[in-house]
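Per-entry structural report
Residues per chain are reported as follows:
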Amino acid sequence: MWRERIWRWWLVVGAVAAGSYYLLPRDTLPSQLAYDAIGLTSSVLIVAGIRLHRAHRPALWYWFAAGQVTWVAGDLVFEYHKYVLHDDPYPSAADIFYLSAYPMLVAGMLLLMRGRDRSGRDLAALADAAVVAVGLGLTFWVFVMHPVATSATASPAERIVGVAYPAADALLLAMLARFYTTSGRRPASVRLLGIAVALLLSSDISYSLVELYAETTGSILDAGWLLSYVCWGAAALHPSMRTAGTLVPERAGARVGRSRLILLATCTLLAPALLLVPGIGGDPVDRLAIAGGAALLFLLVLFRMSGFVGQVQRQADQLAGLAMTDDLTGLANRRRFEQALAGALAEGPVEVALLDLDNFKGVNDRLGHAVGDRLLAVVAGRLRGALHEDVLVARMGGDEFALLLPAASGAAADQTMARLAETLRAPVVAQGHELLVGASIGVADSTGTTDPYEVLRRADVAMYAAKGTSDGRRRYRPELDETGEQQARMGADLRTALDEGQFRVVYQPIVELASGRTVAVEALVRWDHPAHGPVPPDRFIPAAEHTGLIVELGAWILHTACTQAVAWHDDPDAEAPARMSVNVSARQLAEPGLAGTVAAVLASTGLSPGRLTVEVTETAVFGRGQAVQTVKDLHALGVAIALDDFGTGHSSLGLLQTVPVDILKVDKSFVDTITMAGRHAVIATALIQVSDGLGLEAVAEGVETAEQAAELLRLGYRYAQGYHFGRPADPADLVRPPRRAPGRGSPDRAPVPRASR
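What you see is a predicted model; the values in this text were computed from it and never measured.

The next point concerns the overall build of the chain. Along the chain, the regular secondary structure elements total 26 helices and 16 strands. Relative to its 757 residues, the chain shows a buried fraction of 46%. At a minimum sequence separation of 6, the contacts of the chain that also span at least 24 residues come to 73%. On the chain, roughly 35,900 Å² of surface is accessible, and the fraction owed to carbon and sulfur atoms is 60%.

Residues Leu612 and Tyr717 are the most contacted members of the largest nonpolar core, which totals 74 residues. Not counting residues up to four positions away in its chain, the partners in contact with Leu612 are Leu558, Cys562, Met580, Val582, Val598, Leu602, Leu607, Val639 and Ala640. Of all hydrophobic cores here, the second largest spans 54 residues; its members include Leu45, Leu60, Ala168 and Leu226.

A word on the packing of helix α3 (residues 58-84) against helix α8 (residues 222-237). Contact pair α3 / α8: the axes reach a minimum separation of 11 Å and the direction vectors enclose 155°. As far as their axial angle goes, α8 and α3 are roughly antiparallel. Here α3 runs over α8; the crossing is left-handed. Taking contact as the criterion, the partners of Trp61, Phe64, Gln68, Trp71, Val72 and Asp75 in α3 are, on α8, Tyr229, Trp232, Ala235 and Ala236. Of the residues contributing to the contact of α3 with α8, the split by class is eight nonpolar, one polar and one charged.

Its place among the elements puts Asp204 in helix α7 (residues 188-213). Buried and without a salt bridge, Asp204 has Arg26 as its closest oppositely charged side chain, separated by 16 Å. In this view, Asp204 contacts Tyr102, Asp169 and Trp225; residues no more than four positions away in its chain are not counted.

Turning our eyes to something else, we now look at helix α12 (residues 360-367). Think of an α-helix as turning once every 3.6 residues; residues three or four places apart then point the same way. Where α12 is concerned, the buried positions are Phe360, Gly362, Val363 and Asn364. Just beyond α12, the residue with positive phi is Gly368, at close to 105°.

So, on to the sheet that holds strand β3 (residues 400-406). The strand order across the open sheet formed by five strands is β2-β3-β1-β6-β7, and the pairing between neighbours is mixed. Edge positions in the open sheet fall to β2 (392-397) and β7 (473-475), since each of these has one partner strand only. On average, each strand axis in the sheet is tilted by 20° relative to the strand beside it, whichever way the strands run. Running at roughly 145° to strand β6 (residues 439-445), helix α15 (residues 452-466) makes contact with β1 (350-357), β2, β3, β6 and β7 of the sheet.

This structure, assessed with the given rule, holds ten aromatic pairs. Ring centres of Trp71 and Tyr102 lie 5.7 Å apart, and the angle between their planes is 85°; this geometry places the pair in the edge-to-face category. Of this pair, Trp71 sits in helix α3 while Tyr102 sits in helix α4 (residues 93-116), and the two are 31 residues apart along the sequence. Taken as a pair, Trp71 and Tyr102 share a single burial class, namely buried. Three or more aromatic residues joined by ring pairs make a cluster, and in this case those are Tyr21, Tyr22, Tyr35 and Tyr229.

Glancing now at the packing of helix α2 (residues 29-53) against α8. Taken N-terminus to C-terminus, the directions of α2 and α8 make an angle of 15°; their axes are 7 Å apart at the nearest point. Accordingly, the angle class assigned to the pair α2 and α8 is roughly parallel. Considering how the two elements wind past one another, α2 and α8 form a crossing that is left-handed. Of α8, the residues touching α2 (which contributes Tyr35, Ile38, Gly39, Ser42, Leu45, Ile46, Gly49 and His53) are Asp222, Trp225, Leu226, Tyr229, Val230, Trp232, Gly233, Ala236 and Leu237. Here the residues of the contact of α2 with α8 sort into eleven nonpolar, five polar and one charged.

It is worth spelling out the pairing of strand β15 (residues 697-700) at this point. Bridge analysis of strand β14 (residues 663-666) against β15 gives four bridges, and the strand direction is parallel. In the strand pairing of β15, Leu664 is matched with Ala698. The pairing of β15 with strand β16 (residues 719-720) spans two bridges and is parallel. Bridged to Ala700 within β16 is Ala720. Taken together, β15, helix α26 (residues 706-715) and β16 constitute a β-α-β crossover, and its handedness is right-handed.

Right, let's talk about unusual backbone geometry for a bit. Residues Tyr90 and Pro91 are joined by a peptide bond in cis, for which omega reads -5°. Within the fold, Pro91 resides in the loop between α3 and α4. Despite not being glycine, His86 has its phi angle at roughly 55°, a positive value. Residue classification places His86 among the exposed residues on the basis of a relative accessible area of 65%.

Our next topic: a nonpolar patch on the surface. Residues Met1, Trp2 and Trp9 make up a contiguous nonpolar surface patch of roughly 380 Å² in combined accessible area. On the secondary structure map, Met1 appears in the segment before α1 (2-21). Judged by its relative accessible area of 57%, Met1 is exposed.

A separate point is the pattern of salt bridges. For the coordinates displayed, the defined rule picks out 22 salt bridges. A salt bridge links Glu522 to Lys665; the nearest nitrogen and oxygen atoms lie 3.2 Å apart. Taken as a pair, Glu522 in strand β9 (residues 518-529) and Lys665 in strand β14 lie far apart in primary sequence, 143 residues in all. Take Glu522: its relative accessible area is 0%, and that puts it in the buried class. When its relative accessible area of 2% is taken as the criterion, Lys665 is described as buried. One continuous salt-bridge network, built from bridges that share partners, spans Glu351, Asp414, Asp445 and Arg475.

Before going further, it helps to spend a moment on the environment of Ala294. Looking at the secondary structure, you find Ala294 in helix α10 (residues 284-323). Taking C-alpha positions, Ala294 is 7.3 Å from Pro272, a pair spaced 22 residues apart along the chain.

Let's shift gears to the pairing of β1. A large share of β1 lies buried, amounting to eight of its eight residues. Judged by which residues are buried, β1 turns out to be covered on both faces: Val350, Val352, Leu354 and Asp356 on one side and Glu351, Ala353, Leu355 and Leu357 on the other are all buried. Summarising the sheet, β1 and β3 pair through seven bridges and their orientation is antiparallel. Paired with Asp356 across the bridge in β3 is Glu400. Pairing geometry for β1 and β6, over seven bridges, is antiparallel. Residue pairing for β6: Glu351 is matched across the bridge by Asp445.

All right, on to the environment of Gly726 then. If you trace the backbone, Gly726 turns up in the segment after β16. A C-alpha to C-alpha distance of 9.4 Å links Gly726 and Tyr507, two positions 219 residues apart in sequence.

The next point concerns the environment of Tyr717. Along the polypeptide, Tyr717 turns up in the loop between α26 and β16. The exposure class assigned to Tyr717 is buried, which follows from its relative accessible area of 1%. Once the C-alpha coordinates of Tyr717 and Ala698 are considered, the two residues, 19 residues apart in sequence, prove to be 6.6 Å apart. Every residue in contact with Tyr717, bar those within four places of it in the chain, is listed here: Leu513, Val666, Ala684, Leu687, Ile688, Ala698, Ala700 and Leu712. Of note is the side chain of Tyr717, whose polar atom sits 2.6 Å from the backbone oxygen of Ala684.

About the cut-offs
- Residues numbered from 1 in each chain as written.
- Predicted model: local features only at pLDDT ≥ 70, side-chain atom pairs only at ≥ 80, totals over all residues.
- Heavy atoms only, no water.
- Helix = DSSP H or I, 4+ residues; strand = E, 2+ residues; numbered from the N terminus.
- Buried < 20%, exposed > 50% of the residue type's maximum accessible area, 1.4 Å probe, protein only.
- Contact = heavy atoms within 4.5 Å.
- Areas by Shrake-Rupley, 256 points an atom, 1.4 Å probe, with all protein chains shown as cover.
- Core = buried A, V, L, I, M, F, W, Y, C linked by side-chain atoms within 4.5 Å.
- Axes fitted to C-alpha atoms, helices over the stretch in contact; angles between N-to-C directions.
- Parallel < 35°, antiparallel > 145°, perpendicular 65-115°, else oblique.
- Left-handed = near helix turned anticlockwise from the far one by under 90°.
- Nonpolar A, V, L, I, M, F, W, Y, C, P; charged D, E, K, R; others polar.
- Lys, Arg positive; Asp, Glu negative; His and termini not counted.
- Salt bridge = Lys/Arg side-chain N within 4 Å of Asp/Glu carboxyl O.
- Pairing = 2+ DSSP bridges.
- Phe/Tyr/Trp six-rings, centres within 6.5 Å; stacked < 30°, edge-to-face > 60°.
- Right-handed = clockwise from strand over helix to strand, strands pointing away.
- Patch = residues over 30% accessible without salt bridge, like charges linked within 9 Å, V, L, I, M, F, W, Y side chains within 5 Å.
- Polar contact = N/O pair within 3.5 Å; in protein donor to acceptor, adjacent residues only side chain to side chain.

In structure tokens:
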């Protein structure tokens, strides 16, 4: 667009015009009028640039334009005296115009600088500018201003005017030094202004030196003034002039560049260097000026160094704070927590809690790290809001948080943890996702130790023990160490068992009560340890959950069971059960890829989704957002969902509103007393009524006697499972139950613990 390129055109045209000036006869009226035309054109272009680009701060540009016009007016007055009156007075009325232009230029420069640092906070830049101004100004005084002021051949008026010009130049020099020692990015228009002022100063200073030490000035100096005019106009025509003079935020702690350091060092050394110049220093005034300048430079450098030291100290404090703070949550990090714990232990007993979010990995894997990060930030905010200021909250890494409660009693710490658990139960909204957050909390005290790492170890042991509890909280006890060691050994053995194929799957029939026909089987895992023999499921299943191996083990069980179901279905001599039922643990449900795993197994084995039932417990899905979503994904595949141990969980009826359920497996505890007189059968009766009302199938678990089977049939139950109908057996040894009617000729069996079913 032409508005963005017009400044380039003017630079070219102006440079050509300045060069053409030297083609005209020297010291003639045409050459002087050409000179004036370039200056006047520059003034007009400054005003045009204000209108063209709609400057945010037009006042500074109007001051610059006024200065240019005033200079041109001075030139016209000078030319009137020279070419009309044929005299060359000094000083003259032209000097009034020339000197009047300087305050206008200074006013514009002040507006420009004030816009960059409106409140004058950049003291370091001011000090740097003062160093440059004092060093160069001192040189200017010695070689220009002092000789002019003490000239014996000049009149008082000539000395005053002669000193006024270099003094004004020295003021502009200080402004220019302030400009170039300020940190921050400068737009092109401001850089052009700097070039214009630099050209003006170089021509003025050269003119003063030539006037003092040479007989002729030489028209070559006119080039500096002419190009200065051109740069003033180009600066106003550049599009960046729109924001020139507005406050520009500068990067905190901006580095001092090498060129800036060289400039400051050179200006600082000018004072002692002047004493080495022959003929300088003999005059008392010069000696006093040099001494005063050197002292002032020393003080400025001292001030600047103190600023550097202060900046380094502030940055060191900031780095120390960053080193002790978690970037994501703003909480203390592990290093700060460990230091604070060591300090608190030196003063007395403490309570420490470790908190680990449940299913955080599932959130990251399914919804992405951005949602996971937002979840951590919200949890951190809740922890801070729920605790007193004297409690230190830290993020130890990942989804693990730590709390330091100095001088707190065990009872107080337990109450605090209960309050925290309640606080975290509220859903968290992260980038449009509503997440239910659970946490496992372990609490430990410092009894018998002053080692911070021992206290943290105890809390960690308690936290992992809490993962298997209903309320998610556990206080450290020495017995937990032995349990932890056992689980560690068990985890190693489980890994070996998976690798060496020590597990096998057995199947327990689920029968139709009226006919005794097997309609389904439940797949159950057994472990035959080569050294210790059979390992009870209630020993190795919790260890598998704790180590995470339950995910791999569960996938193997699922594949094995589906393969067996297809084999039975393809065998014409076998009475294949209609459905295969497989248990899924809470840890498996927490994995976002479980539905995909099930779909892959169904596809690889060829089992129809309608022939697979996935059993989940109430505690596994209660209050767990990912678990509920996984159940919904499984149901969407066409897989039936059975709610195991129904009636024993947190809110059994409430779950039926949030979880897609097809089958209710009534817990054994309601079946054990169903044949007793009184109200023992009321709950079992209510459960079958709920099941029928919702259109669900109900399966009574743990049926041990014929009398229980008969009573269940009378109450309306159609399906049952238990030792009365058959124990879990290998596929080849699976004995189909006799087709006996409930209540007819079956010896009672001793109740069997649920975990060994």
